[in-house]
Amino acid sequence: MTQVSLAVRAPSANRVYAQAAGALALAEAHWVLGAHRGTVPVVSERVVGGMDALEVHTDDDAAPATAATGRLLGSLSSTLGVLDVVEEPTTSPAVSAAPLLRPRDLPGILHHPADLETILRYPGKTNEQFTALLINLAAALSTRREGLFDGSLSLLDPLCGRGTTLNRALRLGLSPIGAEIDRKDIEEYRAFLGTWLRDHRLRHTLDSTRLTVHGEQLGTRLEVQLAPDKRTLRDGGGQHVTVLGCDTVRLGELLPDASVDALVADLPYGVQHGSRAGGAWQRSPLEVLRAAVPGWRRLLRDGAGLALAVNRRTLDHEQASAVLAGSGLQVLSPDGAFRHRVDRSIDRDVLLAVPSNHPRVEQLAALAADQENRTS
Ligand SMILES: C[S@@+](CC[C@H](N)C(=O)[O-])C[C@H]1O[C@@H](n2cnc3c(N)ncnc32)[C@H](O)[C@@H]1O
């Protein structure tokens, strides 16, 4: 039997992306539901009682499947709550059978309070809701996507700034790794996270050491461990965050091969942030992408997923796809699949990619084809 559910959109989603909020929510649901469930989802925009929502049709016929769909809908970056549409049988033919909306209790997927993502404010910070969307998309493409919900998904942001992706990943219960060339960003992140951990009385350790490779000092390495209690901390459990203070092109030398499930990056837009390639700052991230992608590919498992946010004014879909293809990565999302205006100088899109030998590449390509058909 077809189950119809509504994912009601948080009003903040509309503020952040203005006109594009509905289309972005739809695109995220298309990829996240489609990749997790392995079929092209039936999802559309709908207004219910004056609230913006996504309407999702599923043919879940067993409780675990229904619960899994509920968890996915609840995890979407714009979701405020989920309602199931229930058709009530009527006793009298004179009474029209208006459907009822039954709220769902969703399993909590966030392990820490929202202020971990929202306190730190600075020019060039990636919007938190958009960051959640990027993580959801990269994770969904991974063959280890269930790891998003049990803490085992390994996530890398190779251009992590002051840690918006890392903080969202922490809230999800993950142990993320980031890299950033700007020393000041890492110091700010360390100071913020230390204060936040103390304020929230979480057991933790915070260490900065030298980051060296083959005797060459690249920068600093920040290692943070956090745990709910002393014993877990002592046993090395809980969550870990690693921030490597170096040029992202060196990552292939610093992290183990085939160890990353999801790579999420907000590429420099050439507005607040430039790209550092070969020691020089550039407006376009093309050169840094060219230099870094071969190393990034080595770190990815064959079943990994990538979500890269790009400013179309400084890097177009074709150029980026060609660079990624040169290292055995296939861009799946059509040009403009997540296109939205951030401000006058940023016309943003998201590129979804996987290794060309990803075990589900054909299934995922079908999602891309469906999205392209709908928008053309
Ligand atoms: C768009 S910002 C990311 C912002 C981040 N998501 C946040 O919210 O803080 C891109 C980042 O890439 C960094 N970057 C540029 N070139 C780099 C390189 N070659 N290696 C490492 N980081 C680099 C910049 O310093 C900047 O912090």
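One can find the structure itself at the top, above this paragraph.
Calculation notes
- Residues numbered from 1 in each chain as written.
- Predicted model: local features only at pLDDT ≥ 70, side-chain atom pairs only at ≥ 80, totals over all residues.
- Heavy atoms only, no water.
- Helix = DSSP H or I, 4+ residues; strand = E, 2+ residues; numbered from the N terminus.
- Rg over C-alpha atoms; globule rule 2.2 N^0.38 Å.
- Buried < 20%, exposed > 50% of the residue type's maximum accessible area, 1.4 Å probe, protein only.
- Contact = heavy atoms within 4.5 Å.
- Areas by Shrake-Rupley, 256 points an atom, 1.4 Å probe, with all protein chains shown as cover.
- Lys, Arg positive; Asp, Glu negative; His and termini not counted.
- Charge placed at Lys NZ, Arg CZ, Asp CG, Glu CD.
- Axes fitted to C-alpha atoms, helices over the stretch in contact; angles between N-to-C directions.
- Parallel < 35°, antiparallel > 145°, perpendicular 65-115°, else oblique.
- Left-handed = near helix turned anticlockwise from the far one by under 90°.
- Nonpolar A, V, L, I, M, F, W, Y, C, P; charged D, E, K, R; others polar.
- Phe/Tyr/Trp six-rings, centres within 6.5 Å; stacked < 30°, edge-to-face > 60°.
- Lys NZ or Arg CZ within 6 Å of the ring centre and 35° of its normal.

Chemist: Would you mind showing me how to read the overall build of the protein chain here?
Modeler: Within the protein chain, the regular secondary structure consists of 13 helices and 17 strands. A compact globule built from 376 residues should have a C-alpha radius of gyration of about 21 Å, and the protein chain, at 21 Å, falls within 12% of that. Dimensions along the principal axes, computed over C-alpha positions, put the protein chain at roughly 85 × 50 × 40 Å. Burial statistics for the protein chain: of 376 residues in total, 54% are counted as buried. Taking as baseline every contact in the protein chain between residues at least 6 positions apart, the subset at least 24 positions apart corresponds to 68%. Total accessible area on the protein chain stands at roughly 16,900 Å², and carbon and sulfur atoms take up 49% of it. Side-chain charges in the protein chain split into 40 positive and 44 negative, and the spacing between the mean points of these groups amounts to 5 Å.

Chemist: For this particular structure, what's the right way to read helix H7 (residues 164-171)?
Modeler: Turn by turn, an α-helix covers 3.6 residues, leaving residues three or four places apart pointing in a common direction. Summarising burial for H7: 8 of the 8 residues are buried, a large majority. Residues of H7 that are buried: Thr164, Thr165, Leu166, Asn167, Arg168, Ala169, Leu170 and Arg171. Positive backbone phi, approximately 90°, marks glycine 173, located one or two places after H7.

Chemist: How should the packing of helix H11 (residues 286-299) against helix H12 (residues 317-325) be read in this particular structure?
Modeler: To characterise two packed helices, one gives the angle between the axes of the helices and the distance between these axes. Relative to each other, H11 and H12 sit at 15°, their axes nearing to 9 Å. When the axes of H11 and H12 are compared, the pair comes out roughly parallel. The handedness of the crossing between H11 and H12 comes out as right-handed. Contacts between H11 and H12 involve Leu286, Leu289, Arg290 and Val293 on the former and, on the latter, Gln319, Ala320, Val323 and Leu324. Partitioning the contact of H11 with H12 into residue classes produces 6 nonpolar, 1 polar and 1 charged.

Chemist: Looking at this model, I keep getting lost on the packing of aromatic side chains. Mind explaining?
Modeler: Each aromatic ring pair is described using two quantities: the centre-to-centre distance and the angle formed by the ring planes. In this structure the tally under the stated criterion is 0 aromatic pairs. Above the plane of the ring of phenylalanine 149 lies arginine 71, whose end atom (NZ or CZ) is 3.9 Å from the centre. The positively charged end of arginine 162 is found above the aromatic ring belonging to tyrosine 122, 4.7 Å away from the centroid.

Chemist: How should the packing of helix H2 (residues 21-37) against helix H5 (residues 128-141) be read in this particular structure?
Modeler: Put simply, H2 and H5 touch, their axes get as near as 8 Å, and they point 25° apart. Judged by the angle between their axes, H2 and H5 are roughly parallel. Remark: the crossing between H2 and H5 carries left-handed chirality. Across the interface between the two elements, Leu24, Glu28, Trp31, Val32, Ala35 and His36 of H2 pack against Leu133, Asn136, Leu137, Ala140 and Leu141 of H5. Across the contact of H2 with H5, the residue classes break down as 8 nonpolar, 2 polar and 1 charged.

Chemist: Explain the environment of valine 224 to me, please; I cannot follow it from the model alone.
Modeler: Inspection of the secondary structure assignment puts valine 224 in strand E9 (residues 216-227). Sequence separation between valine 224 and histidine 240 is 16 residues, and the spatial gap between their C-alpha atoms is 5.5 Å. Residue contacts for valine 224: discarding those within four places in its chain leaves Leu193, Leu197, Thr205, Leu206, Gln239, His240 and Val241.

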